[in-house]
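The residues making up each chain are set out below.
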Amino acid sequence: MTTQKALIPLPAPAARIATAAGAAVALAGTFLPWTWTSEFPGDLTVTGYPGGLQILTLTAAILTLLFTLCGYGIRGLRWLTPGGTNSPVRLLALATLGTTGYTIGAIAYELGGVVNLEPGAWVSGIGALIAFIAALGLPSDEPLPTTGPPANAWQRFRNSLAAPSVGRAKPLPGWGEILIIAAAFGVALYVFTYCIDIPTEESEQFIGFLITAGFTFTALTRAGLIARITALTTKHRNVTLVAALVAAFCFPFTQDTAEFTLIGANILIFATVALGLNVVVGLAGLLDLGYVAFLGVGAYTAALVSGAPLSAIGVQFPFWAAVLTGAAVSLIFGVLIGAPTLRLRGDYLAIVTLGFGEIFRVTVNNLNGNSGPDLTNGSQGIPSIPDLNLFGIDFGLSHDIGPFTLTRPANYYLLLLVVTAVVVLVFRRSGDSRIGRAWVAIREDETAATAMGINAFRLKLLAFALGATLAGLAGTVQSHVSYTVTPEQYQFAGPVPPNSAFLLAAVILGGMGTLSGPFIGAALLYLIPAKLQFMQDYQLLLFGIALILLMRFRPEGLIADRRKQLEFHENDEPVVVPEPRQPEEADAGITKAGA
């Protein structure tokens, strides 16, 4: 038997009214001053014009009110909750309370006590508290089992945040589904732009954004909206890819300073290399702990042949030749390292690749004319790498396009977007190919794959070489973006990504074997340290804690494919994951791959 009760014994209609009223009060409070001085980031002193953290509370309160009204079955709002109805309300009320409470605490801490709070902060805080307490009085979307031992308070609370699986949606016209996908990426671009535009010195606002975004995304997942959008993007994969590229292309046109566009360019570098590592780790299942060395090979090769003043070679290739040279040298290194080592498995392979990464860093550090040949200028690296000049466009200068000005980082961002598109195309085509399915078979059980006729060694070497080539391709552009390449940029672990540990974490966090997962993981792992610089001394500690929590609560990653979802939740309730489209001959020819 099962029972479906609320955490607080309140009549459901009264709880819903109180939740809506509390959200409305919290919303109204954002239009009042929260403090008397503009010393707190965001200037929360203006009446009638929310700013800074007030905007986040306003957003969370509006969403809480909107999803609360969905519980009345109002026509035109039912599409918002194809999954759970009350669990999203609880999560959004928690987002409102968390953001407001954090802001109140930050004001009191930084300005010296609660005496610095103005009435608006108290109004929003009390309204958010009322909304959350009342939301606990709404019935749970999922019944609580009555068999076995009685559930404790924590289990009942977790059950109140659960939601039923989302059923199949009614078919829409093709143009309607495409418009929904375009709107989803438009919202994603707006949220990303808002996040990246938060000034680095205003870390309070960024923490508030993380609180709001985290609970809101979970609420939308429980409501079933994320599942519906995922189903549409799976159905229209080509349209989704075009929409993602268009949204990424629009990003530099939303920026008026070079600082945040440079962050976007660095995220693209990080994400592109992580996607290349996803071929090795996510598809083929090869644990590579020295992958950043291939990025360094590409970067150093490009620096040596691009006309840098301190280049030991003293030649200047055109950009296309430098790109091909960097990718080819990385490919050669991938084959040379992979050929004698890929017969190893598991931890032994990981140790060997970790050693290769450190050998690369030590070697380029010693090629300084004293400890070895004068090739890489040792620890000083190769500085003053010249800017590119393609098709008459000097990437080191700003360019006006209508009302928009593209700065130097914006120029390289758009170039990196082209490189990223190439890497995405390679990943997608290889993953859907016969070879890609053979990689997955090797990842799941190499012994069984070999018994079925798959040449495991040859295919693992191919994956290793392809991953190295993609990393080298990204490295050729990275050398021009950063002006300088030094050995310390290519460590196993360090405070500044990309490094091997962060690249592997980006793949695991985003979701191994998926296309979008490494991009989300890379964006989070780059943005959070960049915006929370006051925590730099504890970065690796917090990084380890975050990984432990991820392995405990979301081992399949933020964006999981069907296989991983079922693998890690085989004892849970059935999980509805959109089935990716496969060619009709999907099951044919696996045994021929690499034979």
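Above: the structure in question.
Once a new chain begins, its residue numbering starts again from 1 and follows that chain's sequence as written. pLDDT decides what is reported in this predicted model: residues at 70 or higher carry local features, side-chain atom pairs at 80 or more are listed and counted, and totals for whole chains, interfaces and linings draw on all residues regardless. Side-chain measures here rest on the full set of heavy atoms in the structure, leaving out hydrogens and waters.

Asks: Just checking my understanding: could you explain the overall build of the protein for this structure?
Replies: Of the regular secondary structure elements, the protein holds 21 helices and six strands. Over its C-alpha trace the protein gives a radius of gyration of 26 Å, about what one expects of a compact globule, namely 25 Å for 595 residues. Considering only C-alpha atoms, the protein reaches an extent of 75 × 60 × 45 Å along its principal axes. Going through the 595 residues of the protein one by one, you find that 48% of them count as buried. Residue pairs at least 24 apart in sequence account for 76% of intrachain contacts in the protein once pairs closer than 6 positions are excluded. Labels follow the DSSP assignment, with helices taken as runs of H or I lasting at least four residues and strands as runs of E lasting at least two, numbered in each case from the N terminus. For this measure, only C-alpha atoms enter the radius of gyration; the expected value for a globule follows 2.2 Å times N^0.38, where N is the number of residues. Relative accessible area decides the class of each residue, using a 1.4 Å probe on protein chains only: under 20% of the type maximum gives buried, over 50% gives exposed, and in between gives partly exposed. Contact criterion: two residues are considered in contact whenever any of their non-hydrogen atoms come within 4.5 Å of each other.

Asks: What should I look at first to understand the layout of surface pockets in this one?
Replies: The method is simple in principle: a probe with the dimensions of a water molecule rolls over the atoms, and the space it marks as empty is what remains. Throughout, the protein atoms alone are placed on a 1 Å grid, and a set of points is a cavity if a 1.4 Å probe fits but cannot get out or a pocket if it is open with protein on both sides within 12 Å along at least five of seven lines; lining residues have an atom within 4 Å of a point. Grid points are joined across faces, edges and corners, and a volume is the space filled by probe spheres set on the points. Size it by volume and the second largest pocket reaches roughly 650 Å³. If you go around the second largest pocket, you meet 26 residues; those closest to its centre are Asn266, Val496, Pro497, Pro498 and Tyr526. At the level of secondary structure, the elements contributing two or more residues to the lining of the second largest pocket comprise α10 (258–283), α17 (456–482) and α19 (517–531). Here the lining of the second largest pocket gets six residues from one element, more than from any other, and that element is α10.

Asks: Explain helix α18 (residues 500–510) here, please?
Replies: Burial runs high along α18: ten of the eleven residues are buried. Among all positions in α18, only Ser500, Ala501, Phe502, Leu503, Leu504, Ala505, Ala506, Val507, Leu509 and Gly510 are buried. The inward-facing, buried residues of α18 abut α10, α11 (292–305), α19 and α20 (539–553). Just downstream of α18, Gly511 is the residue with a positive phi angle, here 130°.

Asks: Can you help me understand the pattern of salt bridges in this one?
Replies: It is possible for side chains of opposite charge to pair when their charged atoms get near one another. Only one rule defines a salt bridge in this text: a Lys or Arg side-chain nitrogen within 4 Å of an Asp or Glu carboxyl oxygen. If you walk through the whole model with that rule in mind, you get six salt bridges. Two residues, Arg361 and Glu358, come together in a salt bridge whose shortest N-O distance is 2.7 Å. You can see Arg361 and its partner Glu358 sitting in helix α13 (residues 346–366), three residues apart, about one turn around the helix. Ionic pairing is found between Arg443 and Glu444, a salt bridge with its closest N-O pair at 3.0 Å. For Arg443, a relative accessible area of 18% corresponds to the buried category. Look at the salt bridges and you will find they share partners, linking Glu358, Arg361 and Glu488 into a network.

Asks: Is there a simple way to explain the side chain of Glu177 in this structure?
Replies: Mapped onto the fold, Glu177 is located in helix α6 (residues 174–196). Accessibility expressed as a relative area gives 4% for Glu177, which makes it buried. Residues in contact with Glu177, not counting those within four places in the same chain, are Leu172, Leu232, Lys235 and His236.

Asks: How should empty space enclosed by the protein be read in this particular structure?
Replies: Applying the stated rule across the entire model yields one cavity of 30 Å³ or more. Within this model, the largest cavity holds a volume of roughly 40 Å³. Classifying every residue of the lining of the largest cavity gives five nonpolar, four polar and one charged. Charged residues are taken to be Asp, Glu, Lys and Arg, nonpolar residues to be Ala, Val, Leu, Ile, Met, Phe, Trp, Tyr, Cys and Pro, and polar residues to be all remaining types, Gly included.

Asks: So what exactly am I meant to see when it comes to the environment of Asp394 here?
Replies: Along the chain, Asp394 falls in strand β4 (residues 393–394). With 14 residues separating them in the primary sequence, Asp394 and Arg408 have C-alpha atoms 8.9 Å apart. Those residues in contact with Asp394, other than ones at most four positions away along the chain, are Asp387, Leu388, Asn389, His399 and Asn411.

Asks: Even after reading the chapter, I still don't get the packing of aromatic side chains, so can you show me in this structure?
Replies: The geometry of an aromatic ring pair is captured by the separation of the ring centres together with the interplanar angle, meaning the angle of the planes. The aromatic pairing rule takes the rings of Phe, Tyr and Trp, using the six-membered ring of Trp, and pairs them if the centres are within 6.5 Å, calling planes under 30 degrees apart stacked, those over 60 edge-to-face and the rest tilted. The full count for this structure, using the stated rule, is 13 aromatic pairs. Here Phe294 and Phe356 contribute two aromatic rings whose centre-to-centre distance is 5.2 Å and whose plane-to-plane angle is 35°, an arrangement assigned as tilted. With Phe294 in helix α11 and Phe356 in helix α13, the pair connects residues that are 62 residues apart, well separated along the chain. The pair Phe294 / Phe356 is uniform in exposure class, with both members buried. Taken together, the ring pairs in this structure connect Tyr291, Phe294, Phe356 and Phe464 into an aromatic cluster. A ring has a charge above it when a Lys NZ or an Arg CZ is no more than 6 Å from the ring centre and no more than 35 degrees off the ring normal. One Lys or Arg, Arg16, reaches over the ring of Tyr72 and ends 5.9 Å from the middle of that ring. The ring of Tyr483 has Arg408 lying over it, and the distance from NZ or CZ to the ring centre is 3.9 Å.

Asks: In this structure, what is going on with the packing of helix α3 (residues 87–111) against helix α7 (residues 203–223)? I would like to understand it.
Replies: Think of two packed helices as two axes; the pair is described by the angle between the axes and how far apart they sit. Throughout, an axis means a line fitted to C-alpha atoms (over the contacting stretch in the case of helices), and angles, computed between N-to-C directions, take values from 0 to 180 degrees. The N-to-C vectors of α3 and α7 enclose an angle of 170°; their axes lie 8 Å apart at closest approach. Viewed along their axes, α3 and α7 adopt a mutual orientation that is roughly antiparallel. On the side of α3, the interface is formed by Ser87, Pro88, Leu91, Leu92, Leu94, Ala95, Gly98, Thr99, Tyr102 and Glu110, while α7 contributes Ser203, Glu204, Ile207, Gly208, Ile211, Thr212, Phe215, Thr216, Thr218, Ala219, Arg222 and Ala223. Along the lines of polarity and charge, the residues of the contact of α3 with α7 split into eleven nonpolar, eight polar and three charged. By the definition adopted for this analysis, an angle is roughly parallel if under 35 degrees, roughly antiparallel if over 145, roughly perpendicular if from 65 to 115, and oblique otherwise.

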